[in-house]
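Residue-level listing of the chains:
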Amino acid sequence: MDLKECGYSLANRKQMRKKSIHPCQSTDKDVIKEAHAENVMTNLSNAYASDLLPSKEGEDLTKCFLLRVVNILLHYIEKTFDDKSKILDFHHPHQLLEGLDGFDLELSDHPESLEQLLVDCTDTLKYGVKTGHPRYFNQLSSGLDVIGLAGEWLTATANTNMFTYEIAPVFTVMETVLLKKMCGIIGWRETEADGIFSPGGSISNLYGILVARYKQYPEIKARGMAVLPCIVLFVSEQGHYSIKKAAATLGIGTDNVIEVKCDERGKMIPAELEKNILQAKRKGQTPFCVVATAGSTVFGAFDPLHDIADICETHKLWMHVDAAWGGGLLLSRKHSCKLSGIERADSVTWNPHKLMGVPLQCSAVLTREKGTYGFEVQIDRYMELAKYFYKVLKKKDNFKLVFDAEPEFTNVCFWYFPPRLKHIPKSFERDQELQKIAPKIKAQMIVEGTAMLSYQPCGDKVNFFRMVFSNPATRQTDVDYLIDEIQRLGKDL
């Protein structure tokens with residue numbers, strides 16, 4: 001449907017008004033408003049981005065402009081799904097650079113009018129590739145999915161990052177739900193799995209190898225590659241090129257990616273993998289990871305995952321499955337058997353923008369093991385810090401612990417007594433003064449940005465500081481600093 005001037009022709013608008021509004025109901029104000037709207041609709045040649053919202057009086061113009069954009073997109077979508085239309089109106093690069101029928105890629109030093117931007121939108125689509133065309137078979141990624149398109153519009157409108165729940169509450173919860181669902185589909189229990197979305201399969205594969213290396217050699221985080229032996233990883237000769245790219249990026253080196261022979265269908269041969277691992281060990285190399293492929297780029301082959309998992313377990317190697325292409329088959333009860341054994345993997349790459357209709361780019365890297373040993377070390381360190389903090393406070397006469405006993409967990413609760421209150425016996429009046437100390441110190445900390453810790457009352461206990469150790473960055477020096485800071489800010493209260 002050809003929609004004129006933001007979706008309604010002037011004639012249709014007038015006819016609709018006749019049907020819905022009695023002439024006696026019309027006012028001068030209505031006439032002025034409608035005349036203004038109609039003028040806006042036809043005057044985009046003299047309007048610019050600065051005239052759109054949040055500019056004052058920019059509401060009508062913004063609606064008009066966006067409706068015109070939507071009209072262009074809808075027209076393009078209709079042509080995309082029409083198998084009689086061309087997939088591409090091909091032109092050589094020099095033709096696009098030189099300009100075609102008013103299509104100009106030169107960047108102006110001056111703002112373009114909204115009307116020109118609409119022309120540019122039309123031309124951009126006109127000379128591009130219709131990747132959603134029924135006969136577009138060029139890439140592995142999905143064609144145009146209308147629901148996915150709507151999702152892209154929604155996320156672009158929200159325009160937020162996924163850094164924290166604070167700035168993206170709905171999206172961060174969505175991400176958690178989706179990742180847990182994907183892990184469940186793979187066959188992992190909710191409590192043992194985790195994951196993250198990434199910009200593409202290459203990045204997800206890099207993350208998988210990164211985690212594999214860290215699992216085997218956690219010291220690399222602080223000391224770097226120089227302290228490691230000559231580590232090697234294995235991938236099918238039909239595996240994705242991103243594995244070698246990841247090895248180069250991570251400092252492992254492409255020469256240390258050992259390609260394993262495949263059978264005639266492009267599947268990794270387990271006996272060849274076993275042989276390559278033993279050969280590497282005899283050479284003094286240290287295997288640490290095997291990358292299996294579930295849906296190779298060229299042949300669409302699925303490596304024998306159970307056999308590879310058996311070998312990885314024997315040699316204590318991390319098993320990463322690149323299911324960027326084939327992962328979508330997990331959603332098919334009929335074809336999911338092709339990925340049998342993926343539940344035994346330690347990490348998996350899965351691209352929802354392949355087979356699942358999600359717009360580019362959308363990839364997930366999922367891990368079965370979150371590393372209980374790492375958690376154990378971290379939690380033990382938190383407990384030691386709490387014990388250290390408790391012992392230091394116990395020796396200071398201007399601090400008083402809420403509980404004299406050693407902390408059971410990482411919570412340490414205490415009061416700070418400024419000099420004027422330090423020697424006053426406990427009484428209602430003293431407690432009323434003490435009640436004010438923690439809030440004042442915290443407020444000043446926030447103003448100066450030096451530290452943050454919580455305080456609260458509990459039962460008959462007036463406001464006290466509650467120190468909780470759960471930050472992996474915290475060290476003993478930070479504990480000492482906090483104590484000094486509390487004394488500095490509170491001594492004159």
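Residues numbered from 1 in each chain as written. Predicted model: local features only at pLDDT ≥ 70, side-chain atom pairs only at ≥ 80, totals over all residues. Heavy atoms only, no water.

> Got a minute to help me understand the UniProt feature "modified residue: N6-(pyridoxal phosphate)lysine" (unreviewed entry) in the protein in this structure?
The feature "modified residue: N6-(pyridoxal phosphate)lysine" (unreviewed entry), as annotated in UniProt, sits at Lys354 in this numbering. By the secondary structure assignment, Lys354 is in the loop between strand E6 (347-350) and strand E7 (363-367). Relative accessible area serves as the criterion here: at 13%, Lys354 is assigned to the buried category. Other than its neighbours up to four places away in sequence, Lys354 contacts Leu140, Ser141, Ser142, Ala324 and Trp325. (UniProt positions renumbered as here; feature names shortened; annotations may be inferred. Helix = DSSP H or I, 4+ residues; strand = E, 2+ residues; numbered from the N terminus. Buried < 20%, exposed > 50% of the residue type's maximum accessible area, 1.4 Å probe, protein only. Contact = heavy atoms within 4.5 Å.)

> How should the pattern of salt bridges be read in this particular structure?
In a structure, side chains of opposite charge can pair up when their charged atoms sit close to one another. Inspection of the entire model under this criterion finds 17 salt bridges. Close ionic contact of Asp431 with Lys426 constitutes a salt bridge, the shortest N to O distance being 2.8 Å. Through salt bridges with shared partners, a single ionic network connects Asp310, Glu313 and Arg344. (Salt bridge = Lys/Arg side-chain N within 4 Å of Asp/Glu carboxyl O.)

> Explanation requested: the nonpolar core in the structure shown.
The tendency in soluble globular proteins is for nonpolar side chains to be buried side by side. Core analysis: the largest hydrophobic core is formed by 35 residues, its most contacted members being Phe234, Leu273, Met319, Val321, Ile342 and Leu366. With five residues, the single largest contributor to this core is helix H12 (residues 305-315). Residues contacting Leu273, with those up to four places away along its chain left out, are Phe234, Val260, Met268, Val290, Ile308 and Ile311. (Core = buried A, V, L, I, M, F, W, Y, C linked by side-chain atoms within 4.5 Å.)

> Just to check I follow, could you spell out the environment of Leu228 for this structure?
Mapped onto the secondary structure, Leu228 falls in the loop between helix H9 (220-223) and strand E2 (231-236). By relative accessible area, which is 11% here, Leu228 ends up buried. Separated by 11 residues in the primary sequence, Leu228 and Tyr217 have C-alpha atoms spaced 7.6 Å apart. Other than its neighbours up to four places away in sequence, Leu228 contacts Arg213, Tyr217, Glu219 and Ile220.

> Is there a simple way to explain the confidence of the model for the protein in this structure?
Detailed conclusions should not be drawn from predicted coordinates in areas where pLDDT is low. Looking at the protein, pLDDT values average 86 and 89% of them are 70 or higher. Per-residue pLDDT stays below 50 along residues 7-26; that stretch engages in 13 contacts with residues further than four places along the chain or on separate chains. (pLDDT = per-residue confidence, 0-100.)

> Please explain the packing of aromatic side chains as it appears in this structure.
Any aromatic ring pair is given by two values, namely how distant the centres are and how the planes are angled relative to each other. Under the defined criterion, the tally for this structure stands at six aromatic pairs. A connected cluster of aromatic rings, assembled from ring pairs, spans Phe389, Phe399, Phe414, Tyr416 and Phe465. (Phe/Tyr/Trp six-rings, centres within 6.5 Å; stacked < 30°, edge-to-face > 60°.)

> Looking at this structure, I do not really get the packing of helix H3 (residues 59-80) against helix H5 (residues 114-126). What am I missing?
For any two helices packed against each other, one specifies the inter-axial angle together with the distance between the axes. Close contact between H3 and H5 brings their axes to 10 Å; oriented N to C, the two are set at 15°. The orientation of H3 relative to H5 falls into the category roughly parallel. In the crossing of H3 with H5, the sense of the turn from one axis to the other is right-handed. Along the contact surface, H3 presents Leu61, Phe65, Arg68, Val69, Ile72, Leu73 and Tyr76, while H5 presents Leu114, Glu115, Leu117, Leu118, Cys121, Thr122 and Leu125. Taken together, the residues of the contact of H3 with H5 sort by class into 11 nonpolar, one polar and two charged. (Axes fitted to C-alpha atoms, helices over the stretch in contact; angles between N-to-C directions. Parallel < 35°, antiparallel > 145°, perpendicular 65-115°, else oblique. Left-handed = near helix turned anticlockwise from the far one by under 90°. Nonpolar A, V, L, I, M, F, W, Y, C, P; charged D, E, K, R; others polar.)

> So what exactly am I meant to see when it comes to the side chain of Arg430 here?
Mapped onto the elements of the fold, Arg430 is located in helix H15 (residues 428-448). Arg430 gets classed as buried once you look at its relative accessible area, which sits at 12%. A polar atom in the side chain of Arg430 sits 3.4 Å from the side chain of Asp431. Setting aside residues up to four positions removed in sequence, Arg430 forms contacts with Phe417, Leu421, Ile424 and Pro425. (Polar contact = N/O pair within 3.5 Å; in protein donor to acceptor, adjacent residues only side chain to side chain.)

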